[in-house]
Amino acid sequence: MRIVGFVIGALAGLLLAGSAYAEQLRLGVSAPLSGPSAILGAQVRRGAEAAAGEDGSVALEVADDACTAEGGAKAAKQFVDAKVQVAVGFLCGEAIDAAMPILKDADIPVITVGVRTDSLTDRREKTGWPVFRLGPRADSEHEAAGQLLTRLWRNELFAVVDDGTIYGRELAESFRAAAQQQGLKPVFNDTFRPQLDNQIGLVGRLRKADATHIFVGGDRDDIAVMARDARKIGANMVFAGGEALRAAPGQVSLAAGTLMIALPEWQEVADPAVVAKFKAADVVPEGYVLPAYAAVEVARVAVADAESGDLSKALTEHDFQTAIGQIRFDGKGDLSQNPYRVFRYDGARFIPVEAQ
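Throughout this document, residue positions are counted from 1 along each chain, in the order its sequence is written. Residues qualify for local features only when their pLDDT is at least 70, as the model is predicted, and side-chain atom pairs are given and counted only at 80 or more; totals for whole chains, interfaces and linings, by contrast, use all residues. Values shown for side chains rest on all heavy atoms present in the structure; no hydrogens or waters enter the calculation.

A. Representation of the packing of helix α7 (residues 140-152) against helix α8 (residues 166-181) within the structure. Axis geometry follows a simple rule: fit a line to the C-alpha atoms, using only the stretch in contact for helices, then measure angles between N-to-C directions, giving values from 0 to 180 degrees. In this description a helix means any DSSP run of H or I spanning at least four residues, a strand means any run of E spanning at least two, and both kinds are numbered starting from the N terminus. Packing of α7 against α8 brings their axes to within 8 Å, and their N-to-C directions diverge by 40 degrees. As the angle between them shows, α7 and α8 are arranged oblique. Where α7 crosses over α8, the two elements pack in a sense that is right-handed. Note on element contacts: α8 touches α7 through Tyr167, Glu170, Leu171, Ser174, Phe175, Ala178 and Ala179, opposite Glu141, His142, Ala145, Gly146, Leu149 and Thr150. Taken together, the residues of the contact of α7 with α8 sort by class into 7 nonpolar, 4 polar and 2 charged. Convention used here: angles under 35 degrees read as roughly parallel, angles over 145 as roughly antiparallel, angles from 65 to 115 as roughly perpendicular, and any remaining angle as oblique. With the far helix as reference, a near helix turned anticlockwise by less than a right angle produces a left-handed crossing, and one turned clockwise produces a right-handed crossing. Only heavy atoms matter for contacts: two residues are in contact if any of them lie within 4.5 Å across the pair. Gly is put with the polar residues, along with every residue not named as nonpolar or charged; the nonpolar set is Ala, Val, Leu, Ile, Met, Phe, Trp, Tyr, Cys and Pro, and the charged set is Asp, Glu, Lys and Arg.

Here you go:
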């Protein structure tokens, strides 16, 4: 009887183990773990590993895509061989472009946390790639600048200037176009010469045009110089720019009150319990750590909710509550809500502007 009981117990244990294995999520993690972007790749890996946990419910297949086409194709083949159900990561366009045809054929959806190229999802009808973008599109910054600042400046005399670079000109033009659609017209438009020691001439022209709020398509140093020179001539002006304002401080301090259109610092808005878990493990939850964590959370729920194994449908038709907030993808695989926000510099750090 003891032998029979032992055998029955062993068989039961094997059945339970087999059941647990069947329910285990097999997840691919692709990131540049070598080369110049290895620091960022390490952030993706840390975030994914933390979200996977240690309970055995998630098996990670980690691949180094090296941010290259060759690396992306190699990572995709590794995931197919490992029979992963979902892949997350992919910070570089070259890698994901090479990987997606292979992953599409294997019916493996991808949640990318870093590729912003608009065409990645804009080509969805043509490519059929099952890719979902947890990070913003390249045009999200432009769209947010137009939508958010026109609300704040509806009753202000505003100007639009740019530094002549592709980034600066496109950012300024998108803001100007959005303002015009709202029936708003800038009192001044100009292109300035960047990286000068002073911008007194430009600021003088802005004051002559009665501009009190200036949107700048340019970098942090130029905006800091403009604000300093405006104070010198006694002009009360508010300057605003894009996420280039998050660059390292230069010789001229940024003026308090400067506005920035940018993504949140995820560790400041994320679930405090998750942030505390990282800090307890001596991991700074910066960069791609928390987005990668959220990508694994999304993958877990999608696999659990998928009907007939249709993960792409599950990813499109659900709201996902994650460590960095609620996530929903639209029909193309982009975020349904623009994550960019308005921040105001208080003299030391950027603070979210609540009234948006």
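There is more to say, and it comes next.
B. Just the environment of Phe192, in detail. Summarising the element assignment, Phe192 is placed in the loop between β7 (188-191) and α9 (200-208). Burial classes: relative accessible area under 20% of the type maximum marks a residue as buried, over 50% as exposed, and values in between as partly exposed (1.4 Å probe, protein chains only). Judged by its relative accessible area of 4%, Phe192 is buried. In sequence terms Phe192 and Ala304 are 112 residues apart; their C-alpha atoms lie 54 Å from each other. If sequence neighbours within four positions are ignored, Phe192 has contacts with Val161, Asp162, Asp163, Gln199, Leu202, Val216, Gly217, Asp222 and Met226.

C. Structural view of the environment of Leu120. Residue placement: Leu120 occurs in helix α5 (residues 119-122). A sequence separation of 224 residues divides Leu120 from Arg344, and the C-alpha atoms of the two residues are 32 Å apart. Ignoring any residue separated from it by four or fewer positions in sequence, one finds Leu120 in contact with Ile96, Asp97, Thr112, Val115, Trp129, Val131 and Arg133.

D. Broad picture of the sheet that holds β7. Read across the open sheet, the 7 strands follow the order β7-β6-β8-β9-β10-β13-β14; overall the sheet is mixed. Both outer strands of the open sheet, β7 and β14 (350-352), are each paired with one neighbouring strand and no more. Going from strand to strand, the sheet's axes swing by 25 degrees on average, the running direction of each strand aside. By definition, two strands form a pair when at least two bridges between them are found by DSSP. When strand β6 (residues 158-162) meets strand β8 (residues 213-217), the two strands line up parallel, connected through 5 bridges. Residue pairing in the sheet places Phe158 in a bridge with His213 of β8. This element, α7, spans β8, β9 (238-241), β10 (259-262) and β13 (341-345) of the sheet and lies at about 140 degrees to β10. Its contacts with the sheet put helix α10 (residues 220-232) on β8, β9, β13 and β14, and the angle it makes with β9 is roughly 175 degrees.

E. The arrangement of the sheet that holds strand β5 (residues 131-133) in detail. Across the sheet, which stays open at both edges, the 5 strands sit in the order β2-β1-β3-β4-β5 with parallel pairing between neighbours. Pairing within the sheet leaves two strands with one partner each, and these edge strands are β2 (58-64) and β5. Along the sheet, successive strands turn relative to each other by an average axial angle of 25 degrees, direction set aside. Where strand β1 (residues 25-31) and β2 come together, 7 bridges link them in parallel fashion.

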